[in-house]
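# Coordinates in review
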Amino acid sequence: MVLRHAAHLVPAVTDPKGASAAAGHAHRLITRVTAGTDPGDLRITWPTSRPPRRVPPGHLHLARRLTGSDPQRTRTILRNILAGVDPATTATEVVHAHAAHLLAPLLHGEAAIDWAEYAHRSLTCLHGPTDPLTLAAAHTLAIAHRQAGHHQRAYRLLRDLAEHLAATAGPDAHPTLAVRATTALVLHDLGHHHAARILLADTIGRHRRHHPGHPATARMAEHLDRLWHHHTTGHHTTHDDSSSGAAVNPSLSLSVVRP
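As a convention, each chain's residues are numbered from 1 in the sequence order in which they are written. At least 70 in pLDDT is required for a residue's local features to be given in this predicted model, at least 80 for side-chain atom pairs to be given and counted, and no such filter applies to totals for whole chains, interfaces and linings, which use all residues. For the side-chain quantities, the full set of heavy atoms in the structure was used; hydrogens and water were omitted.

In this section: the overall build of the protein. Of regular secondary structure, the protein possesses 12 helices and 2 strands. Along the protein, helices and strands appear, N-terminal first, in the series α-α-β-β-α-α-α-α-α-α-α-α-α-α. Intrachain contacts of the protein at a sequence separation of at least 6 include 57% that bridge at least 24 residues. When the accessible area of the protein is evaluated, it comes to approximately 13,700 Å², of which 56% is carbon and sulfur surface. The way it works is that DSSP assigns letters per residue, a run of H or I at least four long becomes a helix, a run of E at least two long becomes a strand, and they are numbered from the N terminus. Any two residues having at least one pair of non-hydrogen atoms within 4.5 Å are treated as being in contact. Note on areas: Shrake-Rupley with a 1.4 Å probe; residue coverage comes only from the protein chains shown.

Another aspect to go through is the packing of helix H6 (residues 109–127) against helix H7 (residues 132–147). Between the N-to-C directions of two axes lies an angle of 0 to 180 degrees, each axis being a line fitted to C-alpha atoms and, for a helix, fitted only over the stretch in contact. One way to put it is that H6 packs onto H7 with a least axis distance of 9 Å and a crossing angle of 165 degrees. As summarised for this structure, H6 and H7 are arranged roughly antiparallel, according to the angle between their axes. Along this stretch, H6 crosses H7, giving a crossing that reads as left-handed. Together, Ala112, Ile113, Ala116, Glu117, Ala119, His120, Leu123, Thr124 and His127 of H6 and Leu133, Thr134, Ala137, Ala138, Thr140, Leu141, Ala144 and His145 of H7 make up the contact between the two elements. Note that Gly is not counted as nonpolar here; it falls among the polar residues with everything else outside the nonpolar set of Ala, Val, Leu, Ile, Met, Phe, Trp, Tyr, Cys and Pro and the charged set of Asp, Glu, Lys and Arg. A breakdown of the residues in the contact of H6 with H7 according to their chemical character gives 10 nonpolar, 6 polar and 1 charged. Throughout, the term roughly parallel applies to angles under 35 degrees, roughly antiparallel to angles over 145, roughly perpendicular to angles from 65 to 115, and oblique to all others. Two helices cross in a left-handed way if the nearer one is turned anticlockwise from the farther one by less than a right angle. They cross in a right-handed way if the turn is clockwise.

The next subject is the side chain of Thr140. Its location among the elements puts Thr140 in helix H7. Judged by its relative accessible area of 14%, Thr140 falls in the buried class. When residues no more than four places from it in sequence are discounted, the contact partners of Thr140 are His101, Ala104, Pro105 and Ala116. Note on exposure labels: buried denotes an accessible area under 20% of the residue type's maximum, exposed denotes more than 50%, and partly exposed covers the range between, all computed with a 1.4 Å probe on protein chains only.

Salt bridges, as used here, are contacts in which a Lys or Arg side-chain nitrogen is within 4 Å of a carboxyl oxygen on Asp or Glu. Tallying each qualifying case throughout the model produces 6 salt bridges. With its nearest N and O atoms 2.5 Å apart, the salt bridge here joins Arg146 to Asp189. Placement of Arg146 in helix H7 and of Asp189 in helix H9 (residues 174–189) is noted, with a sequence separation of 43 residues between them. Note that Asp202 and Arg180 form a salt bridge whose closest N and O atoms lie 2.6 Å from each other. With Asp202 in helix H10 (residues 193–210) and Arg180 in helix H9, this pair connects stretches of sequence that are 22 residues apart. With a relative accessible area of 35%, Asp202 lands in the partly exposed category.

Those residues of helix H3 (residues 59–66) that sit buried are Leu60, Leu62, Ala63 and Leu66. Taken down its axis, H3 places every buried residue within 160 degrees of arc, on the same side. Residues His61 and Arg65 are exposed on H3 and point more than 90 degrees away from its buried face. On its buried face, H3 is in contact with helix H4 (71–81) and helix H5 (94–103). Here the arc refers to the set of directions running from the helix axis out to each C-beta atom.

With respect to the helices and strands, Arg197 occurs in helix H10. Asp and Glu count as negative and Lys and Arg as positive, but His and the ends of the chain are not part of the count. We note that Arg197 is buried and unpaired, the nearest opposite charge coming from Asp225 at a distance of 11 Å. When sequence neighbours within four positions are dropped, the list of residues in contact with Arg197 reads Leu224, Leu227, Trp228 and His231.

In this section: the confidence of the model for the protein. For any part of a model where pLDDT is low, the fine detail of the predicted coordinates should not be relied upon. A score between 0 and 100, pLDDT records how confident the predictor is in each residue. Across the protein, the average pLDDT comes to 80, with 71% of residues at 70 or higher. The least confident element of the protein, judged by mean pLDDT, is helix H12 (residues 241–244) at 34; the most confident is H10 at 96. Considering only residues more than four positions removed or in separate chains, one finds that residues 255–259, a stretch of pLDDT under 50, has 11 contacts.

Attention shifts here to the nonpolar core. As used in this record, nonpolar core signifies buried Ala, Val, Leu, Ile, Met, Phe, Trp, Tyr and Cys residues forming a set joined through side-chain atoms within 4.5 Å. Leu78, Ile81, Leu82 and Trp115 are the most contacted members of the largest nonpolar core, which has 36 residues in total. Elements with a contribution of two residues or more to this core: H3, H4, H5, H6, H7, helix H8 (151–168) and H9. Setting aside chain neighbours within four positions, we find Trp115 in contact with Leu82, Val85, Pro87, Ala100, Leu103, Ala104 and Leu107. If you look at the next biggest cluster of nonpolar residues, it comprises 12 residues, including Ala184, Leu199, Leu224 and Leu227.

With that settled, consider the environment of His145. Within the secondary structure, His145 is located in helix H7. Through-space distance from the C-alpha of His145 to that of Ala116 is 9.3 Å; in sequence the pair is 29 residues apart. Leave out the neighbours within four places in its chain, and His145 touches Ile113, Glu117, His150, Arg153, Ala154 and Leu157.

Below, the structure written as structure tokens:
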């Protein structure tokens, strides 16, 4: 947008068509901006990677349908959809944003964070920062940071998300309580064991009252049992996929209707 309306920022000394060419790249993400000593010396660099391939119809829907039952096949489908996409530089596309959001919970470490950040950034651009899809992507990003051991970063994301959901969806809405449950697990990771148990027990009670019969209540109770087991035995419990269930289990995730 800036380059379309202020293309003169790119000097046309060496190339008379430099400004118009720059404006033509305005829809793409910028990888680097270099400013010289002269006010007119501004160099802008765009990625030169191949454009992403065309996504066959129905593949994203198939990936959604298989996410819970066949994660390995889901990963393969989503990687094919995202082939040629660089999460750090590729411009926002709807299908890529949703594919990245589905893929991130199926990965580990920095790869999960990279795709979760791309999904959150893209969905923010597409739908705005307060759209349910964007908020769900923020939750996914927080979980990716938690699994990578970035507990402070995860806690800050979850705290902000919980405050926003409490003010918009309500303090006892399922998305709000799901974030509170995940926040309790992160508090435990940070060593605040008593506070984590208190928060999770309160969240379970509120979820049971306001959402009777919801499967998330049982999953939250399992997490609380695990925290109490840690307290009584003194054994540290890791938070990989098999133990925490936070990333791969939808019962602790924000429930949204995806297009």
